Amino acid sequence: MGAVDGKVAFISGVARGQGRSHAVRLAEEGADIIGFDVCENDPDVEYPLATQEDLDETVRQVEKTGQRIHAVKADVRDAAAVKKVLDDGVAEFGRLDIVLANAGIMPITGEQRNRQSAFATAVEVMLIGTANTIFPAIPHLQAHGEGGVILITSSTNGVVGGISEGNPGVTGYSAAKHGVVGVMRTLANTLAPQNIRVNTLHPTGVNSPMIANEAFGRYVTEHPDMAENLQNPLPVPNGLLDPSYVTDQVMHLVGESGRYITGQRIIFDGGFTNYR
Ligand SMILES: NC(=O)c1ccc[n+]([C@@H]2O[C@H](COP(=O)([O-])OP(=O)(O)OC[C@H]3O[C@@H](n4cnc5c(N)ncnc54)[C@H](O)[C@@H]3O)[C@@H](O)[C@H]2O)c1
């Protein structure tokens, strides 16, 4: 018997990285998956975002577990499109239990980070996009009366400030990742009587295509002072968590062991924020 047998999870940014890791593990533990990803590059982001092939690979890996997945290309900034993905998935699978607002961008490298639009894009994708993911899900979580779990992926930059050189991209990333803490705290209060728990996740660097790309490698080489600032006090290999470790935290929070945890910033950062 799986930890989430019979449950249904809705995941944004499901095509690769942490989103795919969460989708596959939840499926291995018995959940059906509803997910979406933009599957297109963004002019304010230097590195490539996920592709349709990435989304197809997530579908393949989830279906290999024997569970079902409804996965569609959609932009988290398009509230109507996100609601349609979700409503279609719930119509197909019958219910909703878990929401993972995970989609994100890191507009901190390249010339793009100096454009003012990088600030707005970061906030639109990761703060407004989080709202677009969560608000249409609430009625579905309430519908069966059995409670639910909402997890929003923030960052260490949602606990402490980033180092921005005054550029809009880094500042926007930090603004969005702090902003979702306010969303989390307010919804946790509102939804607690219905046993719907809401928390934010704050990992240190994670080994996903957001970081493991040519643009970020060059950025770190060109900014050795910032590379120094990215170190974790605990010996995290290569300074980066495996996405599966983030999924371990998700499984704890969606499972029985997490049943009294709500309104919290769940920080698993190798001591990063304590040191600053
Ligand atoms: N990688 C890290 O070091 C790190 C650290 C802390 C927090 N985070 C956060 O973790 C979350 C997951 O990131 P990841 O590490 O898996 O990186 P990733 O780039 O592999 O995954 C992010 C996914 O979000 C999708 N996405 C981007 N813009 C979108 C949009 N407008 N609409 C829909 N989907 C969109 C991307 O296509 C991609 O598949 C993000 O919110 C990120 O900010 C990452």
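Data block above holds the structure.
Being a predicted model, the structure only gives us computed values, none of them experimental.

Novice: For the pairing of strand E7 (residues 265-268), give the residues involved together with the corresponding values.
Specialist: Side chains Ile266 and Phe268 project from E7 onto a buried face, and the interleaved Arg265 and Ile267 project onto a face without burial. Sheet topology note: the strand E6 (residues 196-203)/E7 ladder contains 4 bridges and is parallel. Note that in E7 the partner of His202 across the bridge is Ile267.

Novice: Describe empty space enclosed by the protein, with residues and values.
Specialist: Taken as a whole, this structure holds 1 cavity of 30 Å³ or more when the rule is applied. If you add up the space inside the largest cavity, you get close to 30 Å³. No other element matches helix H4 (residues 116-134), which puts 4 residues into the lining of the largest cavity. Here the lining of the largest cavity is composed, by residue class, of 4 nonpolar, 5 polar and no charged.

Novice: Can you tell me about the site of the ligand, naming the residues and giving the values?
Specialist: Taken together, 30 residues form the shell around the ligand, and within it Gln18, Asp37, Asn102, Val206 and Ser208 come nearest. Asp37 is positioned such that a nitrogen or oxygen atom in its side chain is 2.6 Å from an oxygen atom of the ligand. A distance of 3.4 Å separates an oxygen atom of the ligand from a polar atom in the backbone of Gly104. The residue inventory of the shell around the ligand, partitioned by class, reads 14 nonpolar, 11 polar and 5 charged.

Novice: Would you mind going over the pairing of strand E5 (residues 148-153) in detail, with residue names and values included?
Specialist: The element E5 is extensively covered by neighbouring structure, given that 6 of its 6 residues are classed as buried. The alternating pattern of E5 places Gly148, Ile150 and Ile152 and Val149, Leu151 and Thr153 on opposite faces, both of which are buried. One ladder, built from 4 bridges, connects strand E4 (residues 98-101) with E5; its direction is parallel. For Val99, the partnering residue across the bridge sits in E5 and is Ile150. As paired elements, E5 and E6 share 6 bridges and run parallel to each other. Bridging across to E6, Leu151 finds its partner in Asn199. Handedness of the crossover joining E5 and E6 through helix H6 (residues 168-191) is recorded here as right-handed.

Novice: Talk me through the nonpolar core; I want residue IDs and the actual numbers.
Specialist: The nonpolar side chains of soluble globular proteins are, as a tendency, buried together. Counting 46 residues, the largest nonpolar core has Phe10, Ile34, Tyr47, Leu96, Val99, Met106 and Ile150 as the members making the most contacts within it. For this core, the leading source of residues is H6, giving 9 residues. Not counting residues up to four positions away in its chain, the partners in contact with Leu96 are Val8, Ala9, Phe10, Leu86, Val90, Ala137, His140, Leu141 and His144.

Novice: Pulling in residues and values, what's your account of the pattern of salt bridges?
Specialist: Using the criterion set out here, one finds 14 salt bridges in the structure. A salt bridge links Arg95 to Glu146; its shortest N-O distance comes to 3.0 Å. Taken together, the residues span a long stretch of sequence, with Arg95 in the loop between helix H3 (79-93) and E4 and Glu146 in the loop between helix H5 (138-143) and E5 at a distance of 51 residues. On the accessibility criterion, Glu146 (53% relative accessible area) is exposed. Notably, a salt bridge pairs Glu256 with Arg259, separated by 3.8 Å at the nearest N-O pair.

Novice: Lay out the layout of surface pockets in plain terms, naming residues and giving numbers.
Specialist: There is about 300 Å³ of room inside the second largest pocket. Lining the second largest pocket are 15 residues, with Lys7, Glu146, Arg197, Val254 and Glu256 positioned closest to its centre. The class makeup of the residues in the lining of the second largest pocket is 5 nonpolar, 4 polar and 6 charged.

What counts and what doesn't
- Residues numbered from 1 in each chain as written.
- Predicted model: local features only at pLDDT ≥ 70, side-chain atom pairs only at ≥ 80, totals over all residues.
- Heavy atoms only, no water.
- Buried < 20%, exposed > 50% of the residue type's maximum accessible area, 1.4 Å probe, protein only.
- Helix = DSSP H or I, 4+ residues; strand = E, 2+ residues; numbered from the N terminus.
- Pairing = 2+ DSSP bridges.
- 1 Å grid on protein atoms, 1.4 Å probe; cavity = no way out; pocket = protein on both sides within 12 Å on 5 of 7 lines; lining within 4 Å.
- Points joined across faces, edges and corners; volume = space filled by probe spheres on them.
- Nonpolar A, V, L, I, M, F, W, Y, C, P; charged D, E, K, R; others polar.
- Near = heavy atom within 4 Å.
- Polar contact = N/O pair within 3.5 Å; in protein donor to acceptor, adjacent residues only side chain to side chain.
- Right-handed = clockwise from strand over helix to strand, strands pointing away.
- Core = buried A, V, L, I, M, F, W, Y, C linked by side-chain atoms within 4.5 Å.
- Contact = heavy atoms within 4.5 Å.
- Salt bridge = Lys/Arg side-chain N within 4 Å of Asp/Glu carboxyl O.

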